[in-house]
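Listed below are the residues making up each chain.
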Amino acid sequence: MMTKNVGVIGGGQLAWMMALVAPQENIKIYIQTPHETDSAVCLGERTIFAPVDDVSATAELAKYCDVITFENEFVDLEGLQSLVTEGVCFYPRLTSLSPLLDKFDQRSFFQSQGFPVPRFSLYESDSDFQSFSFPLVLKARRHGYDGQGTVIVKSPLELQSALEKFKQTPLLIEEFVPFEKELAIMAARSATGEIKVYPVAETYQENQVCRWVIAPALINQDITEKISAIASKLLISLDYVGILGIELFMKNNGEVLINEVAPRTHNSGHYTLDACETSQFAMQLQTITGKKLGNTRLKSSGAVMINLLGYESAQGEYLPQRKEIEQLGAFVHWYGKTESRQGRKLGHVTVLLDEKSPEKMYHQAQMMIEKVESIWYPQR
């Protein structure tokens, strides 16, 4: 089988986990990233050290690659279009990414395609708030992740403070959705139109940063089928090639709304590395290199993934805590970052669940979350 060369724009933990599984797919990974300390640098065949939106660096990267994919959304789509005209292959296609990178464009696209979304508006002047009541949500239209650029606003005073903070930032206003659960699904589509969807997972966020994921989610079959159908329809409507992470709100009446979409591998799919027959990272590589797509089945009744987040400003490997967590029967993935700070994703833990009853499995997952977090967070 001929080796494929894949370029990845971005060198963080998502690129690192993709590079870890690449040899199994007979693929070599080439990286474009600005930082020598980024997780994926040690695994790439070659690294182009440059900002991820440096188009000339991407042109250099393309010399070594059959196809280029993305680890993040901080790219210069307009600049990359010039490379497409020169024959460079990007998956997902730039036309698929175009409606997704700006959150207002993303919401508008979903609405135009008939997907369920929270009520939203562009922020241009204070009068745009008149049709919203508190609490409401303010979001930066570009470059927000892990709670960066998203604020839940509960009063006029908080609104004034938030607008001051985001003074030069284009913003989106959204209604606050009183959800019962936050859900997520990873879905993939190949260039030939083959589609695979993973189990629907429940996620839990604190300060807009994901703390844990349980798969499959404890929801009824109708909602599972509804979300899987949304994922498939979305992949087709975008003419998407690659893997896509979709975050959703489920209200207590069973209504489901799309929150956000990530056009790449995603934190809510990390459990697939240990828990599914084909991980999201292997699936991403399969979709963009023309392979038949693998199976998305769980290897056990379920799985829980717990993020190991920074809780202090420090340098360290946290080896004693990691070893203690491993003794719980957990898979520990450490991203090799040299600096800890509040909320930074330093690694994650996956535990396979063996309870057959969905309710008992969910309880088993919650018990494991408590055990891991009691070891990891000294203040808890």
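Before reading on, note that the structure itself is shown above.
Only a predicted model underlies this, so the values are computations on that prediction, with no experimental measurement involved.

Visitor: If you had to explain unusual backbone geometry to someone new, which residues and values would you point to?
Guide: Omega for the peptide link from Tyr91 to Pro92 comes to 0 degrees, which places this bond in the cis form. Turning to its location among the elements, Pro92 is positioned in the loop between helix H3 (77-85) and helix H4 (94-97). In the segment running from Phe134 into Pro135, the intervening peptide bond is cis, with an omega of -5 degrees. Positive phi is not limited to glycine here, since Asn207 has a value of about 55 degrees.

Visitor: Provide a residue-level description of the packing of aromatic side chains, including the pertinent values.
Guide: If you walk through the whole model with that rule in mind, you get 15 aromatic pairs. On the numbers, 5.8 Å between centres and 5 degrees between planes, the contact of Tyr30 with Tyr64 is stacked. Of this pair, Tyr30 sits in strand S2 (residues 27-33) while Tyr64 sits in the loop between helix H2 (55-62) and strand S4 (67-70), and the two are 34 residues apart along the sequence. With a centroid separation of 6.2 Å and 75 degrees between ring planes, the pair formed by Phe110 and Phe115 is classed as edge-to-face. Relative accessible area serves as the criterion here: at 0%, Phe110 is assigned to the buried category. Since its relative accessible area comes to 5%, Phe115 is described here as buried. Each member of the aromatic cluster is reached from another via a ring pair, and the members are Tyr311, Tyr318, Trp334, Trp376 and Tyr377. Over the face of the ring belonging to Phe132 we find Arg119, whose NZ or CZ atom lies 4.4 Å from the ring centre. Across from the ring centre of Phe115, 4.9 Å away, lies the NZ or CZ of Lys233, which sits over that ring.

Visitor: I'd like to hear about the pairing of strand S11 (residues 201-206), residue by residue, with values.
Guide: As defined by bridge partners, strand S9 (residues 181-189) adjoins S11 across 3 bridges and the pair is classed as antiparallel. When the bridges of S11 are listed, Glu182 appears paired with Thr203. Here S11 pairs with strand S12 (residues 209-215) via 5 bridges, running antiparallel. The partner of Glu206 across the bridge, within S12, is Val209.

Visitor: Describe the sheet that holds strand S1 (residues 4-9), listing the residues and the values that go with them.
Guide: With respect to topology, 4 strands assemble into an open sheet ordered S3-S2-S1-S4, the strand pairing being parallel. This sheet does not close on itself; its edge strands, each paired only once, are strand S3 (46-49) and S4. Strand-to-strand twist in this sheet, taken as the mean axis angle between neighbours without regard to direction, amounts to 25 degrees. The pairing of S1 with S2 spans 6 bridges and is classified as parallel. From the neighbouring strand, Val6 faces S2, where its bridge partner is Ile29.

Visitor: Can you break down the sheet that holds strand S8 (residues 171-175) residue by residue, with the values?
Guide: Read from one edge to the other, the open sheet built from 4 strands follows the order S5-S8-S6-S7, with strand pairing classed as antiparallel. Each edge of the open sheet carries a strand with a single partner, namely strand S5 (120-123) and strand S7 (150-153). Recorded for the sheet is a direction-independent mean angle of 25 degrees between the axes of neighbouring strands. Note that S5 and S8 share 4 bridges and pair antiparallel. Its bridge partner being in S8, Phe120 is matched across the sheet by Glu174. Running over the sheet, helix H5 (residues 103-112) touches S5, strand S6 (136-140) and S8 and is turned about 145 degrees from S5. Of the strands in this sheet, S5, S6, S7 and S8 touch helix H6 (residues 156-165), which is tilted by about 160 degrees from S7.

Visitor: Talk me through the packing of helix H10 (residues 319-326) against helix H11 (residues 358-376); I want residue IDs and the actual numbers.
Guide: The geometry of H10 relative to H11 is characterised by a closest axis approach of 9 Å and an angle of 160 degrees between their N-to-C directions. Considering their axes alone, H10 and H11 lie roughly antiparallel with respect to each other. Two packed elements cross with a definite hand, and for H10 against H11 that hand is right-handed. Side by side, H10 and H11 meet where Gln321, Arg322, Glu324 and Ile325 of the first sit next to Val372, Ile375 and Trp376 of the second. Per-class residue counts for the contact of H10 with H11 are 4 nonpolar, 1 polar and 2 charged.

Visitor: Could you give an account of the pattern of salt bridges, naming the residues involved and the relevant values?
Guide: Summed over the entire model, instances satisfying the criterion amount to 17 salt bridges. For Arg264, the salt bridge identified is with Glu73, shortest N-O distance 2.4 Å. Taken together, the residues span a long stretch of sequence, with Arg264 in the loop between strand S14 (256-262) and helix H8 (272-275) and Glu73 in the loop between S4 and H3 at a distance of 191 residues. A residue is classified by how much of its surface remains accessible, and Glu73, at 17% relative accessible area, is buried. Linked by salt bridges that have partners in common, Arg107, Lys139, Glu174 and Glu260 make up one network.

Each value, and the rule that gives it
Residues numbered from 1 in each chain as written. Predicted model: local features only at pLDDT ≥ 70, side-chain atom pairs only at ≥ 80, totals over all residues. Heavy atoms only, no water. Helix = DSSP H or I, 4+ residues; strand = E, 2+ residues; numbered from the N terminus. Phe/Tyr/Trp six-rings, centres within 6.5 Å; stacked < 30°, edge-to-face > 60°. Buried < 20%, exposed > 50% of the residue type's maximum accessible area, 1.4 Å probe, protein only. Lys NZ or Arg CZ within 6 Å of the ring centre and 35° of its normal. Pairing = 2+ DSSP bridges. Axes fitted to C-alpha atoms, helices over the stretch in contact; angles between N-to-C directions. Contact = heavy atoms within 4.5 Å. Parallel < 35°, antiparallel > 145°, perpendicular 65-115°, else oblique. Left-handed = near helix turned anticlockwise from the far one by under 90°. Nonpolar A, V, L, I, M, F, W, Y, C, P; charged D, E, K, R; others polar. Salt bridge = Lys/Arg side-chain N within 4 Å of Asp/Glu carboxyl O.

Nothing here speaks to function; it is geometry throughout.
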